Amino acid sequence: MTNFWLFKSEPNTYSFNDLVNDGVTEWDGVRNFQVRNWLRDTIKTGDQILFWHSNAKEIGVVGSAIVVKDGYPDHTAWDPLSDHPDPKSSPDNPIWYMVDIKPLKEFMKIITMQQLRDHPALVDMVVLKKGNRLSITPVTQAEYQTVISLSEDS
DNA sequence: GCCAACGTTGGC
DNA sequence: GCCAACGTTGGC
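What you are looking at is a predicted structure, and each value in this text was computed from that prediction instead of being measured.

Moving on to the pairing of strand β5 (residues 97–112). Of the pairings in the sheet, the one linking strand β2 (residues 25–26) to β5 comprises two bridges and is antiparallel in character. By the bridge assignment, E26 is partnered in β5 with D100. When strand β4 (residues 60–73) meets β5, the two strands line up antiparallel, connected through 10 bridges. Bridge pairing in β5 links I66 to K102.

So this is what it looks like as structure tokens:
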């Protein structure tokens, strides 16, 4: 069964354009247990993704992507030279997980957070909830399709 | 740069 | 197991 998710990234660090250029990427660096559990157990190949730019000039959804590899250990955790090492994680006893994703579609225009807030079908969208800080949040199929349809408006 | 919200750490 | 202190996230 296909599930739908929203992945946040800071474009200064890794933008949707970087993903387009890379073709496929390892979604490494998640160091939050709730999100880790989703990456390990729930997010599966074929699941669809809204790609969000946070901490940016324009905040919102800039494109869509798809999961191409189920969760597997995040090897950057035991690489002391990585951007987010965790010495408690090891190949024998991995703590952190990641999936691989590839881009589907780059939106012609960003769908801003304000546009999403203004849309009555998206009032329950998790990413819009106050205090939400998870780097990955679940999206319903209806919410996903609403956002995609917004991206197709001219 | 500010600060609200939340997760983690560590003393007790 | 409580909770204060601290660090991080991320919109504004």
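Now, onward.
Read from one edge to the other, the open sheet built from six strands follows the order β2-β5-β4-β3-β1-β6, with strand pairing classed as mixed. A strand with exactly one partner marks an edge of an open sheet, and here the two such strands are β2 and β6 (136–139). Those strands touched by helix α4 (residues 141–152) are β1 (4–9), β3 (48–53), β4, β5 and β6, and its axis lies near 45° from that of β5.

All chains considered together, the criterion is met by three salt bridges. Between K88 and D86 there is a salt bridge, with its nearest N and O atoms 3.9 Å apart.

This structure, assessed with the given rule, holds seven aromatic pairs. The interplanar angle of 55° and the centroid separation of 5.3 Å between the aromatic rings of F7 and W27 together place this pair among those described as tilted. Pair noted here: F7 is in strand β1 and W27 is in the loop between β2 and α2 (33–42), with a separation of 20 residues, a long-range link. F7 gets classed as buried once you look at its relative accessible area, which sits at 0%. Judged by relative accessible area, W27 falls into the buried class, the value being 8%. With centroids separated by 6.4 Å and ring planes inclined at 85°, the aromatic side chains of Y14 and W27 adopt a geometry described as edge-to-face.

Looking now at the protein's contact with DNA strand C. Close contacts around DNA strand C come from K8, W52, S54, N55, I59, M113, R133 and L134, and that covers them all. Take the atoms of DNA strand C that sit within 4 Å of the protein: sugar and phosphate atoms are 63% of them. The side chain of K8 places a nitrogen or oxygen atom 3.1 Å from a phosphate oxygen of DNA strand C.

Looking at α2, one finds that the buried residues are V35, R36, W38 and L39. Considered in projection along α2, the buried side chains sweep an arc of 160° and stay on one side of the axis. In this fold, the buried residues of α2 make contact with β1, β4, β5 and β6. A side-chain oxygen of the first residue of α2 lies 3.1 Å from the backbone nitrogen of Q34; this N-cap is N32.

What surrounds DNA strand B is the set F33, K130, G131 and R133. Each atom of DNA strand B within 4 Å of the protein was assigned to sugar, phosphate or base; sugar and phosphate come to 74%. K130 is positioned with one of its side-chain polar atoms (N or O) 2.7 Å from a phosphate oxygen of DNA strand B. Contacts to DNA strand B include R133, whose side-chain N or O atom sits 2.6 Å from a base oxygen. Class assignment for the residues of the surface near DNA strand B results in one nonpolar, one polar and two charged.

The rules behind these values
- Residues numbered from 1 in each chain as written.
- Chains lettered and ligands numbered in written order.
- Predicted model: local features only at pLDDT ≥ 70, side-chain atom pairs only at ≥ 80, totals over all residues.
- Heavy atoms only, no water.
- Pairing = 2+ DSSP bridges.
- Helix = DSSP H or I, 4+ residues; strand = E, 2+ residues; numbered from the N terminus.
- Contact = heavy atoms within 4.5 Å.
- Axes fitted to C-alpha atoms, helices over the stretch in contact; angles between N-to-C directions.
- Salt bridge = Lys/Arg side-chain N within 4 Å of Asp/Glu carboxyl O.
- Phe/Tyr/Trp six-rings, centres within 6.5 Å; stacked < 30°, edge-to-face > 60°.
- Buried < 20%, exposed > 50% of the residue type's maximum accessible area, 1.4 Å probe, protein only.
- Near = heavy atom within 4 Å.
- Polar contact = N/O pair within 3.5 Å; in protein donor to acceptor, adjacent residues only side chain to side chain.
- Arc of directions from axis to C-beta.
- Nonpolar A, V, L, I, M, F, W, Y, C, P; charged D, E, K, R; others polar.

Worth remembering: the numbers are spatial, not functional.
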